[in-house]
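# Architecture at a glance
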Amino acid sequence: NQIIKIERLEKRYGHFTALNLINLTVRRGERIVICGPSGSGKSTLIRCINRIEEHDGGRIVVDGVELDGKLKNIDAIRREVGMVFQSFNLFPHLTILENCMLAPIQARGVAKYEARERAMHFLTKVRIPDQADKYPGQLSGGQQQRVAIARALCMQPKIMLFDEPTSALDPEMVNEVLDTMVELAGEGMTMLCVTHEMGFAKEVADRIVFMDKGEVIEESAPKEFFARP
Ligand code: ADP
Ligand code: ADP
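Numbers given to residues run from 1 along each chain, matching the order in which its sequence is written. Here the convention is simple: chains get letters from A, ligands get numbers from 1, in the order in which they are written. With pLDDT at 70 or above as the cut-off, local features in this predicted model cover only qualifying residues; side-chain atom pairs require 80 or more to be listed or tallied, and sums for whole chains, interfaces and linings still use all residues. Calculated side-chain values reflect all of the structure's heavy atoms, with hydrogen atoms and water omitted.

### Describing the confidence of the model for the protein
Interpretation of this model should avoid reading the predicted coordinates in detail wherever pLDDT is low. Let me state the cut-off plainly: Per-residue confidence from the predictor is given as pLDDT, running between 0 and 100.
Taken over all residues, the pLDDT of the protein has a mean of 94, while the share at 70 or more is 98%. Both scores are given for the predicted complex: the pTM is 0.91, the ipTM 0.72.

Rendered as structure tokens:
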């Protein structure tokens, strides 16, 4: 029942080793929080899973598909794996609705009416259906990040990757994004979240993966993790 299997993963930038022999297995429906100091490789790990980066050694298998150097499986993987970044990365010249409709139509050939229905469904889910016709610049940071989550969900991914989704937000907007993530977790979505929000980790994570200097140095249940002196 593994959905992600990572074995002896290596990633280098020139002579610098960003990921050093990472092993990580994720079961279907599992919620993993990845934490660790800045520069420890958290973002690189997430980006390798989504094929934003290509790894140099080891294996990544996502839902039975081996991610290798062949570019042709990028599309297949991006269909399964949704990603939410620190910066919201919405298209500024498209409305919220259009932002959510774009990928399903262009990458998956979904009919326009169905893409619209899906978009409204997920915008309702993140509680901003009334913002559908606005442009990203007219929304708060927290609202934009919820749109980014809705947009990823419109591709009906099996896995959601989050890379510090609340780090760029004003403090008062952090919770509205975390609440959305908690809800998603409650529905059984497989989630890998890079975050410094330890409250979220404690409440939601099945496992906390602690990285340092490109290695996983600890993996534990939140109960053990937070019980340490
Ligand atoms: P984290 O997400 O834990 O802060 P990153 O995965 O972003 O860490 O980065 C890990 C290390 O790899 C850092 O030292 C960073 O400077 C380096 N790094 C990341 N991306 C690149 C890149 N494109 N080129 C060179 N070095 C990079
Ligand atoms: P984040 O904290 O969201 O991971 P970063 O500031 O670490 O963002 O990285 C932003 C971008 O810069 C990424 O594309 C990353 O690959 C790249 N990057 C990070 N560190 C380096 C580096 N030392 N040299 C070149 N590119 C880097």
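### Some thoughts on the sheet that holds strand β5 (residues 65-66)
In plain terms, the rule: Whether two strands pair comes down to DSSP finding at least two bridges between them. Helix and strand definitions follow DSSP, with helices as H or I runs of at least four residues and strands as E runs of at least two, each counted in order from the N terminus. The contact criterion used throughout is that any non-hydrogen atoms of two residues lie within 4.5 Å. Axis geometry follows a simple rule: fit a line to the C-alpha atoms, using only the stretch in contact for helices, then measure angles between N-to-C directions, giving values from 0 to 180 degrees.
Spatially, β2-β1-β4-β5 is the arrangement adopted by the 4 strands of the open sheet, whose pairing is antiparallel. Where the open sheet ends on each side, the last strands, each with one partner, are β2 (16-27) and β5. Two elements, strand β4 (residues 57-62) and β5, share 2 bridges in a ladder whose sense is antiparallel. Across the sheet, V62 pairs through a bridge with V65, a residue of β5. Against the sheet, helix α1 (residues 42-49) contacts β1 (2-13), β2 and β4, and its axis sits at roughly 120° relative to β1.

### Some words on the layout of surface pockets
What counts is decided by this rule: A pocket here means an open set of points on a 1 Å grid, computed over the protein atoms alone, that has protein on both sides within 12 Å along at least five of seven lines. A cavity is instead a set of points where a 1.4 Å probe fits but cannot get out; residues with an atom within 4 Å of a point line either one. Grid points are joined across faces, edges and corners, and a volume is the space filled by probe spheres set on the points. Note that Gly is not counted as nonpolar here; it falls among the polar residues with everything else outside the nonpolar set of Ala, Val, Leu, Ile, Met, Phe, Trp, Tyr, Cys and Pro and the charged set of Asp, Glu, Lys and Arg.
Of the voids in this model, the largest pocket is the one considered here, and its volume is about 550 Å³. In terms of lining, the largest pocket is formed by 20 residues, of which the most central are R78, M83, A103, R151 and M155. Among the residues making up the lining of the largest pocket, the classes are represented as 12 nonpolar, 4 polar and 4 charged.

### Here's the deal with the site of ligand 1
Operational definition: A molecule or strand has a residue near it when one of that residue's heavy atoms lies within 4 Å. Any pair of N or O atoms that falls within 3.5 Å is considered a polar contact. Within protein, one atom must be able to donate a hydrogen and the other to accept it, and sequence-neighbouring residues count only if both atoms are side-chain atoms. With residues, only the protein chains shown are counted as cover, and all accessible areas are computed by Shrake-Rupley using a 1.4 Å probe.
Neighbouring ligand 1 are Y13, F16, A18, P37, S38, G39, S40, G41, K42, S43 and T44. In the model, a nitrogen atom of ligand 1 is placed 3.3 Å from a nitrogen or oxygen of the Y13 side chain. If ligand 1 stood free it would expose 560 Å²; the protein chains cover 59% of that surface. Those elements that place two or more of their residues in the shell around ligand 1 are β2 and α1. Element by element, the count of residues in the shell around ligand 1 is highest for α1, at 3 residues. Counted by class, the shell around ligand 1 contains 4 nonpolar, 6 polar and 1 charged residues.

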